[in-house]
Amino acid sequence: MSTARMDTAGVGTVAGVAPVHGVLVELNDLRRSFGTVRALDGMDLTINPGELVVLLGPSGCGKTTALRVLAGLEDADSGRITVDGRDISSVPTSKRDMGMVFQAYSLFPHMTALQNVEFGLTLRGKGSAERRRIAGNYLELVGLSEQAGRYARQLSGGQQQRVALARALAIEPKVLLLDEPLSALDAKVRVQLRDEIRRIQLELGITTLFVTHDQEEALAVADRVGVMWEGRIQQIASPAELYTAPVNKFVAEFVGLSNPLPGTASEGAATVLGQRVPLLPGSPPSGSVTVLVRPEAVTLVPGPDSAAGSDVRPGSVTGTIVGTSFLGSTGRAQVRLADGTLIIAQIASADVAVLRVGETVDVRLEQVPALAVASMASRGSL
Amino acid sequence: MRRKQTTIRWIVIAVIMAFFLIPLLSMLYFSLRFPLSGKWTGQAWSNVIHIGSIAAADPADYGQLWTGLKNSAVLVVLTVVIMVVLLVPTMTWVRLRVKWLSRTVEFICLLPLTIPAIVLVVGLGPVYRIVSNVLSTNTIWLCFVYVVLVLPFAYRALDAGLAAIDLTTLSEAARSLGARWFRIMWQIVLPNIRSAVVSACFISVALVLGEFTIAQLLARDNLQTGIFLVSQSDGQLAVTMSLAALILAFVLLMVLSLFSGDGRRTKGASA
């Protein structure tokens, strides 16, 4: 997250593109069904002025439906939408004053990039010279001034989405809606463009709702992330809070990796693998639980039968390395315990070459608060 | 092996060209060579060009051809306009809002293909008696049945055009920018299916200019009924007029193709 926020160095504000007045957006008790499927099931969401909220969730969780209902492209069965205090539930899309960037490439193929950006301005009665000036400014904002005369098919996917962003922003909308705008792009362009979107959003101060199923993307750009499942927001919080203090098993497992380990809870902590791990609020106070331990909270120490192994802590357990992965700045190791439990540990990338498959290691758990869920109930509810 | 394939290819092309060109060249030959004396003359072509004044001078022999020509011209325009106004918004709407209806619409549009014109006339007789009473007996009201006749061909052309664009996303993008449906149709949908619309229009023009059965059986005057009548007294002019109609349709195709192309292909892709 912080990477995106700080990645604005060297990018200046474009003259003529003024910051906008961010507005408060409220979705209250939104419901929308498609046949027997409840896409939105009493969804509530408040987006503060100038805030970028990301709706994150798996396919079919209702996040895109929520965005489309806000845009007016989909009608809600019930519920209320207010923007800046005004109820817009029955206002048609064309009058909602929202800029939208779509998942699919949506540039009008018969228009140049400049004409695409000018389109919304034409509808607002701007004169030819003014349209050209404003559209030029927004193309400059997204770094595509030199491509103004090109048609969509003459632009790369990333460039098309930037033009689409410029087009959405040029009408100076109250709210910016981004419907998985990066999902069709390759990995490198995704990262570049997501940082650019965040930079522009911060620069303009526009209230933004961003929908994605990519957790890394969500954590990188959001002020707050709302994790959706079954038509409702399970938890909405800052990326850091969401990661370190998930409120339920779904959030814990969807955002980042988790090792579900059996344990016994008592007095605000749980005994897992013979070690005491502090529990997050919301965890069961006592009884059998499943503790969701993050890979970075697992430390591997070469085991007793290893040549390097001498530091075996009493109470910890041993396991066997069954696989390692090099992930660039970090690495990952899979360890099989004696009872068959598989644990994923995050390790230093240098250790990937050191740890060998079949090697015995001592598995230790850091004293990082983890979420626990009741063993039986968790299987039924989440 | 490759040489053999090339030879076969050229033979096939030559046979096809001969199949199409021999009748046309025969018509051209007949239109330029006076049948009785064998003298070469462009008189028939001159008569085609001046058919208006010839019809005025000799209305008994040429009046119906002139009337039929004018009627067909009006019918072409009316049929094309009604077809575009009726089909493009309907098909767009079906694709965007009522997809479950698309099969039904397709079935209805393709239905005229399965009904021979002669059978169609049996049903159209009573309908056109009402049309004659309500509107008039003017030939231009044949435009209604001609729209029905062109439906299968126009539907196929437009369907291909609409399938080639992401209609839903484009229309939603336009709506989110503040456009209403008329503007979406006019400024977003139509320009992006221009080639398909032009194809549909050309098919309609060709069909209307060549239609004979319905006009003849409903006792209306169009170009083909006019040519048929003239052929009984002036075969050379009839053939010349038929060839002229074909050339007109061909030229129209070229012109429309020219308009349907755009300047977007001039710059190279850089993506």
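What counts as what
Residues numbered from 1 in each chain as written. Chains lettered and ligands numbered in written order. Predicted model: local features only at pLDDT ≥ 70, side-chain atom pairs only at ≥ 80, totals over all residues. Heavy atoms only, no water. Contact = heavy atoms within 4.5 Å. Buried area = accessible area lost by both parts, 1.4 Å probe. Salt bridge = Lys/Arg side-chain N within 4 Å of Asp/Glu carboxyl O. Helix = DSSP H or I, 4+ residues; strand = E, 2+ residues; numbered from the N terminus. Nonpolar A, V, L, I, M, F, W, Y, C, P; charged D, E, K, R; others polar. Pairing = 2+ DSSP bridges. Axes fitted to C-alpha atoms, helices over the stretch in contact; angles between N-to-C directions. Buried < 20%, exposed > 50% of the residue type's maximum accessible area, 1.4 Å probe, protein only. pLDDT = per-residue confidence, 0-100. Parallel < 35°, antiparallel > 145°, perpendicular 65-115°, else oblique. Left-handed = near helix turned anticlockwise from the far one by under 90°.

> Explain the interface of chain A and chain B to me, using residue names and the numbers behind them.
Often the size quoted for an interface is simply the accessible area lost on bringing the parts together. Counting residues at the interface gives 30 residues for chain A, matched by 24 residues for chain B. Buried surface at the junction of chain A and chain B, summed over both partners, amounts to about 2,400 Å²; 59% is from carbon and sulfur atoms. Three residues, H110, L123 and Q154 of chain A, lead the burial of chain A against chain B; their summed loss comes to 23% of the area buried on that side. Along the contact surface separating chain A from chain B lie one salt bridge. For R68 of chain A, the salt bridge is made with E172 of chain B, and the minimal N-O distance between the two is 2.5 Å. Secondary-structure elements contributing two or more residues to the side of chain A that touches chain B are β6 (98-101) and α3 (113-123) of chain A. In terms of residues, the side of chain A that touches chain B owes the most to one element, α3 of chain A, which gives three residues. The residue inventory of the side of chain A that touches chain B, partitioned by class, reads 15 nonpolar, nine polar and six charged.

> Describe the sheet that holds strand β9 (residues 224-229) of chain A, and please don't skip the residues or the numbers.
Residues and elements named next belong to chain A. Reading across the sheet, the six strands line up as β6-β7-β8-β3-β9-β10 and stay open at both edges, with mixed pairing between neighbours. What marks the edges here is a single partner per strand, and that holds for β6 and β10 (232-237). Strand-to-strand, the axes of this sheet are offset by a mean angle of 20°, without reference to chain direction. Bridging between strand β3 (residues 52-56) and strand β8 (residues 207-212) involves five bridges; their strand directions are parallel. Within β8, the residue paired with V53 across the bridge is L209.

> Go over the pairing of strand β16 (residues 317-326) of chain A, please, and point to the residues and values.
Residue and element names in this part refer to chain A. Two strands pair when backbone bridges link them, and β16 and strand β19 (residues 360-365) are joined in this way by four bridges, in the antiparallel orientation. Along β19, the bridge assignment pairs G319 with V361. Relative to strand β17 (residues 330-337), β16 runs antiparallel, the two being bridged by seven bridges. Bridge pairing in β17 links T320 to R336. Taken together, β16 and the strand that follows it, β17, pair antiparallel across an intervening segment of three residues, in which G328 is found at a positive phi of about 95°.

> Kindly report on the environment of L261 of chain A, identifying the contributing residues and their values.
All names here are of chain A. Secondary-structure assignment places L261 in strand β11 (residues 259-266). Residue classification places L261 among the buried residues on the basis of a relative accessible area of 1%. Between the C-alpha atom of L261 and that of V289, which follows or precedes it by 28 residues, the distance is 8.3 Å. Excluding residues that lie within four positions of it along the chain, L261 makes contacts with V272, L273, V289, T290, V291, V293, T341 and I343.

> Let's hear about the confidence of the model for chain B: which residues, and what values?
All names here are of chain B. Put simply, chain B has an average pLDDT of 88, and 95% of its residues get 70 or more. Within chain B, helix α8 (residues 167-176) carries the highest mean pLDDT (95), whereas helix α13 (residues 235-260) carries the lowest (83). Below a pLDDT of 50 lies the segment residues 262-271, which in the model reaches 18 contacts outside its immediate sequence neighbourhood of four places, other chains included.

> Please set out the packing of helix α4 (residues 59-96) of chain B against helix α7 (residues 143-163) of chain B residue by residue, giving values where relevant.
All names here are of chain B. Between α4 and α7, the shortest axis-to-axis distance is 8 Å and the interhelical angle comes to 45°. The orientation of α4 relative to α7 falls into the category oblique. In this structure, the crossing between α4 and α7 has a hand that is right-handed. Taken together, the residues of α7 that come into contact with α4 (itself represented by L75, L78, T79, I82, M83, L86, L87, V88, M91, T92 and R95) are C143, F144, Y146, V147, V150, L151, A154, Y155, L158, D159, L162 and A163. Of the residues belonging to the contact of α4 with α7, the class tally is 19 nonpolar, two polar and two charged.

> Please provide a residue-by-residue account of the environment of S231 of chain B, values included.
With respect to the secondary-structure elements, S231 of chain B resides in helix α12 (residues 223-231). Separated by 136 residues in the primary sequence, S231 of chain B and R95 of chain B place their C-alpha atoms 47 Å from one another.

> So, the pattern of salt bridges: which residues are in play, and what are the values?
Residues and elements named next belong to chain A. On inspection of all chains with the given rule, the structure shows 27 salt bridges over all chains. One salt bridge connects R190 with D214, and the closest N-O pair in it is separated by 3.0 Å. In this pair, R190 sits in helix α6 (residues 187-204) while D214 sits in the loop between β8 and α7 (215-221), placing the two residues 24 residues apart along the sequence. Residue class for R190 comes out buried when judged on its relative accessible area of 16%. For D214, a relative accessible area of 22% corresponds to the partly exposed category.

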